[in-house]
Amino acid sequence: MVHIELTKAPCNQTLEVITVSDASWEKRFESMGIRKGRHIRKIASQPFGGPVVIEVNGSKISLGRNIAAKIEVEVLARPLPV
Amino acid sequence: MILDQWSLPPLKILLMGNPNVGKSVIFSRLTGIEVISANYPGTTVEYTEGRMKLGEQMATLVDAPGVYSLDPTTHVEEVSRMIFSKGADVVVNVIDATNLERNLNLTLQILERGVPTVVALNLWDAATKKGIEIDVAALEKELGVPVVPTVAVSGQGIRDLVGALAKAKTPPVMHFASSDQRWARIGEIAAKTQKVMHRHPSLFDRLEDISIKPLTGIPIAMLVLYLSFSLVIEAGELLQVKITDPIFIAYSLFISGFVESHISSPLLHDILIGTSPELLKSFGILTTGLYIPLGVVLPFLIPFYLVLGALEDIGYLPRLSIILDAFMHRIGLHGAAILPCVLGMGCSVPAVLSVRILESPKQRYLAATLMTMAIPCASQSAMIFGMLAPYGLRYIFAVYMSLFTTFAVTGFLLHRFIGGESPEIFLEIPPYRMPNLSLLLKKTFIRIREFLKEAVPYIALGMIVMNFFYLSGLMRLIGETMRPVVSGLLGLPSDAATALIIGFLRKDVGIGMFAPLDMTPAQLVVASVVLAMYFPCVATFMVMLKELGVSGTLKSVALRLVAALLVGTALHFLLN
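Analysis parameters
- Residues numbered from 1 in each chain as written.
- Chains lettered and ligands numbered in written order.
- Predicted model: local features only at pLDDT ≥ 70, side-chain atom pairs only at ≥ 80, totals over all residues.
- Heavy atoms only, no water.
- Domains from an automatic or database assignment.
- Contact = heavy atoms within 4.5 Å.
- Salt bridge = Lys/Arg side-chain N within 4 Å of Asp/Glu carboxyl O.
- Polar contact = N/O pair within 3.5 Å; in protein donor to acceptor, adjacent residues only side chain to side chain.
- Helix = DSSP H or I, 4+ residues; strand = E, 2+ residues; numbered from the N terminus.
- Buried < 20%, exposed > 50% of the residue type's maximum accessible area, 1.4 Å probe, protein only.
- Core = buried A, V, L, I, M, F, W, Y, C linked by side-chain atoms within 4.5 Å.
- Pairing = 2+ DSSP bridges.
- Buried area = accessible area lost by both parts, 1.4 Å probe.
- Nonpolar A, V, L, I, M, F, W, Y, C, P; charged D, E, K, R; others polar.
- Axes fitted to C-alpha atoms, helices over the stretch in contact; angles between N-to-C directions.
- Patch = residues over 30% accessible without salt bridge, like charges linked within 9 Å, V, L, I, M, F, W, Y side chains within 5 Å.
- Areas by Shrake-Rupley, 256 points an atom, 1.4 Å probe, with all protein chains shown as cover.

1. Considerations on the domain arrangement of chain B
Residues and elements named next belong to chain B.
- Per the domain assignment, the segments of chain B are domain 1 (5–196) and domain 2 (214–421 + 441–575).
- Contact residues are listed per partner, giving 13 residues for domain 1 and 19 residues for domain 2.
- Between the two partners, domain 1 and domain 2, sit 1 salt bridge.
- The salt bridge partner of Glu34 is Arg449, with a shortest N-O separation of 2.9 Å.
- For the interface between domain 1 and domain 2, the tally reads 6 residue pairs in polar contact (both at pLDDT 80 or more).

Structure (C-alpha cells):
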C-alpha cells in the first residue's frame, strides 16, 4: 500500500497511522493518542495553509500543516463506522 | 499539648489529568473556592491552592494545569510536572470517561511513580450519552486504586470522591519498559472494562463537524461573531436605556441637591460632584466616578460576559481558532492566540495571563503586545460607543477598523523582524457541551465582581488625580508642553494630553475626559485610537511585567508609543 502524508490524505475516510517521520514529535503525538496502527479520520483541511483536523478515538485534534505532514498514513478501504 | 487537626501536617492532595477534563470544577466543588472554568483545553494556566477538611485532618488541594503525559512538551505542562515532582500524599487523577484510553496513558504514568492515587471518572453523564459503558469495579481491579464516577458540573459523585480520598492507597508496583508496552496494557484494560455501543450521531456531533469544515465553518464563524456582538450591543443598550440611565438621572438630581445643601466647601463640592450637571462631564467622584463603571460600562459588561461564558462553555472558541489559524499564522501566531484576543475584549489582565497557552516566547510576546495594543477592553469599548454613537456608526467603525489594521500590519512586520520560533497549532478541540446555567451565571458574577472591585476605586482615584491636575494648573502646563505632539501631529486640543495621562490609570476615564473638550467626531476617533494604543493601563502593565519580564514589557511599550503616534498622525490627516 502507498503511504502518504496526512496533509495529502482524503477527508472522511479511515486512515491508519503508519509512521511518524520526525522522531522528536513521536512522544507528543503519542500522548494525544496518535500512534502507529491507530485508525484516524481526517475531518477537514482548512484553506490558505490552515490546519488539518483529525478525529482520534472520539476526540478531535487540530494540527498545523507542517505538523500534520510528519504523520504518514495509509488510506483504508473500509469507511469508519460513524 | 492539645492534639487536634491542626497539629498534623496537612495532607497534600494534587489534582491531575488531561486538559479540559473538569479538574477546576472538581477543585471548586471540593474547596468551595470559586474558579473560572470553561470548555477548552488550557483554562487553568497556573496552579491554584485551596484547603479542605478530610475527616479530622486538614488537606491542601492543588489544582494543576492539564497535561497529556508526565513528559512535558509545553510551558503550561512544565508547571504541572514541577508540581508533581515536588511530591504529594494523594493524587486525584481526573479522567474523561468519554476518552478512556488516552486518559489512562497519564493514569498509568502516575501509578508507575507509586503515588497513592484516586481516579475520578469524570464526565460520566457524557459517556453514558455517547453509549460508553465502563465497569467501575473492573477498572478498580485493573488499576489497583479506587475509581469514582463523577459529574463535576452537577456535583454528582463528589461525596464518594471525598470518601475515597481516605481510602487512597499506594498502587501495586507497575513498570513498563516502553511506551508500546504501556499502550498494550491500556488496550487490555479498555477491552476488559469498557463497552462502546453504537449510537447515531447526535445533533451536537453533526454541528461539531460542520463548524470545522471550511465550507460551512467560515459562514458559521461569521454568523456566531455577528450574533454575539449584536446581542451584546442590543442588550447593553436596552439595559442602559431601561434601567441604569433612569436610575442615574434620579440619583444625580438627589446627589447634587444633597451636596449643594450639605457641603459648603467649594473644593469638596467640585471633587464630589464636579461643576457640570452632565453625568459624563462633571468629573465628580460621586457623579462621573460612579456613572462610568455602573452606568456606561456595566450594562454592556453583563451581556458581554454572559455571551463569552456561553461560547466558552459550549466549546465554540477552539473552533474559531481553527478557522482563523491561517490568518494568525501570517502574523507569527497560531489559532490558539484567538483565546487571549477574545478574552481581551473583556479585560486585558486575564487575557495577558492566557498567552501562556502559546508555546514560544516570541508568540507570547506577539500575542500580549498585539492584543493589549489593538483590542480595546470592554470598559473602553463601552465608552467609545457612548461617545461616538450619537455621531453615527461610521465613526465607531473607523476606530475599530484602524485598530484591526494596526493589529494585522504590526503583527505582519513584527513576525518578520523579531527572532524566535513560531510553532504551529497543535490543539485538542473539545466536544460541544450544553452549558450549565448555574456555573455560567456564577462565572459571569465572578468576572463582574472583579471588574467592580478594580474599576470603582481606580476610577475614583482617576477623578481625584484629574481634579488635582486641573486645579493645580498642571493640566495647562502638560497641555502646553505636549502641544506640538498632541495638537501638531494628532490634531487634538492640548487638554487631551491630560486625558492620555489619566488613561494610564483607567482607559475608560481617559476616554470620558474627552467629553468636555468639544471635539469633532473625527478628533474623537483619533483620540480613542491613540488612547487605546499608546500605553497599557496600569493593571495590564503590571501583569505584562510578570509575564514578559521588564525588558519584554519595555520593548512592547516603546513599540506601542511609536505605533500610536504613527497611526494617530496618519488618521488625523486621513480624516481631514
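Next comes the rest of the account.
2. Considerations on the pattern of salt bridges
- Applying the stated criterion across every chain yields a total of 22 salt bridges over all chains.
- Across the pair Arg41 of chain A and Asp209 of chain B runs a salt bridge, and its minimum N-O distance is 3.2 Å. Here Arg41 of chain A is found in strand β3 (residues 39–45), whereas its partner Asp209 of chain B is found in helix α8 (residues 203–210) on a different chain.
- For the salt bridge of Asp508 of chain B with Arg506 of chain B, the shortest nitrogen-to-oxygen distance reads 2.6 Å. We note that Asp508 of chain B, like Arg506 of chain B, is buried.

3. Examining the nonpolar core
Residues and elements named next belong to chain B.
- In this structure, Leu333 and Phe514 are the most contacted members of the largest nonpolar core, which totals 111 residues.
- Domain assignment of the residues forming this core places at least three in each of domain 1 (5–196) and domain 2 (214–421 + 441–575).
- When neighbours within four sequence positions are excluded, Leu333 is seen to be in contact with Met328, Leu358, Gln363, Leu366, Ala367 and Leu370.

4. A word on the pairing of strand β4 (residues 52–56) of chain A
Residues and elements named next belong to chain A.
- Taken across its 5 residues, β4 has 5 buried, putting it largely inside the fold.
- What you see with β4 is no split at all: Val52, Ile54 and Val56 on one side and Val53 and Glu55 on the other are buried throughout.
- For β3 and β4, the ladder comprises 5 bridges, and the chain directions are antiparallel. Bridge pairing in β4 places Arg41 opposite Glu55.

5. As for the interface of chain B and chain A
- Contacts between the two partners involve 33 residues from chain B and, on the opposite side, 34 residues from chain A.
- When chain B packs against chain A, close to 2900 Å² is buried across both sides, 53% of that on carbon and sulfur atoms.
- Among the residues of chain B in contact with chain A, Trp183, Glu424 and Phe426 of chain B are the three that bury the most area, contributing 26% of the side total.
- Counting every contact that joins chain B to chain A gives 4 salt bridges.
- Joining chain B to chain A, the criterion identifies 17 residue pairs in polar contact (both at pLDDT 80 or more).
- Elements that contribute at least two residues to the side of chain B that touches chain A include exactly α3 (100–112), α7 (179–193), α8, α9 (214–262), α12 (317–330) and β9 (426–429) of chain B.
- With 5 residues, the top contributor of residues to the side of chain B that touches chain A is α12 of chain B.
- Taken together, the residues of the side of chain B that touches chain A sort by class into 13 nonpolar, 7 polar and 13 charged.
- Here strand β5 (residues 59–63) of chain A pairs with β9 of chain B via 4 bridges, running antiparallel.

6. Quick word on the side chain of Ser24 of chain B
- Tracing the backbone through its elements, the reader meets Ser24 of chain B in helix α1 (residues 23–31).
- Judged by its relative accessible area of 10%, Ser24 of chain B is buried.

7. Let's talk about the sheet that holds β3 of chain A
- Strand order in the open sheet formed by 7 strands is β1(A)-β6(A)-β2(A)-β3(A)-β4(A)-β5(A)-β9(B), with antiparallel pairing between adjacent strands. Each edge of the open sheet carries a strand with a single partner, namely β1 (4–5) of chain A together with β9 of chain B.

8. What about the sheet that holds strand β2 (residues 48–54) of chain B?
Residue and element names in this part refer to chain B.
- Spatially, 6 strands are ordered β2-β3-β1-β4-β5-β7 in an open sheet, and the strand pairing comes out mixed. Either end of the sheet is taken by a strand with one partner, and the two such strands are β2 and β7 (147–149). Ignoring strand direction, the axes of neighbouring strands in this sheet form an average angle of 25 degrees.
- In the sheet, strand β4 (residues 90–96) pairs with strand β5 (residues 117–122) via 6 bridges, with the strands oriented parallel. From the neighbouring strand, Val92 faces β5, where its bridge partner is Val118.
- With respect to the sheet, helix α2 (residues 75–85) is in contact with β1 (11–17), β3 (57–63) and β4, its orientation differing from that of β1 by roughly 150 degrees.

9. Brief notes about a nonpolar patch on the surface
All names here are of chain B.
- On the surface, Phe327, Phe397, Met401 and Phe404 cluster together into a nonpolar patch covering about 390 Å² of accessible area.
- Examining the composition of the nonpolar patch, we find that 3 residues originate from one element, helix α17 (residues 393–417), more than from any other.
- Inspection of the secondary structure puts Phe397 in helix α17.

10. Here we look at the environment of Arg356 of chain B
- When you line up the elements, Arg356 of chain B lands in the loop between α14 (348–353) and α15 (361–374).
- Spatially, the C-alpha atom of Arg356 of chain B lies 9.4 Å from that of Pro340 of chain B, the residues being 16 residues apart in sequence.

11. Quick look at the environment of Leu76 of chain A
Residues and elements named next belong to chain A.
- Mapped onto the elements of the fold, Leu76 is located in the segment after β6 (71–75).
- Exposure remark for Leu76: the relative accessible area of 14% places this residue in the buried category.
- Separated by 18 residues in sequence, Leu76 and Gly58 place their C-alpha atoms 18 Å apart.
- Setting aside its immediate chain neighbours within four residues, Leu76 contacts Gln13, Thr14, Glu16 and His39.

12. Quick word on the pairing of β5 of chain A
Residue and element names in this part refer to chain A.
- Along β5, 5 of the 5 residues are buried, which leaves the element largely enclosed by surrounding structure.
- Alternating residues of β5 divide into Ser59, Ile61 and Leu63 and Lys60 and Ser62, and every residue in both groups is buried.
- Pairing geometry for β4 and β5, over 5 bridges, is antiparallel. Opposite Val53, over in β5, you have Ser62 as the bridge partner.
- Counted along the chain from β4 to the antiparallel partner β5, the turn is 2 residues long, and its residue Asn57 has a positive phi close to 50 degrees.

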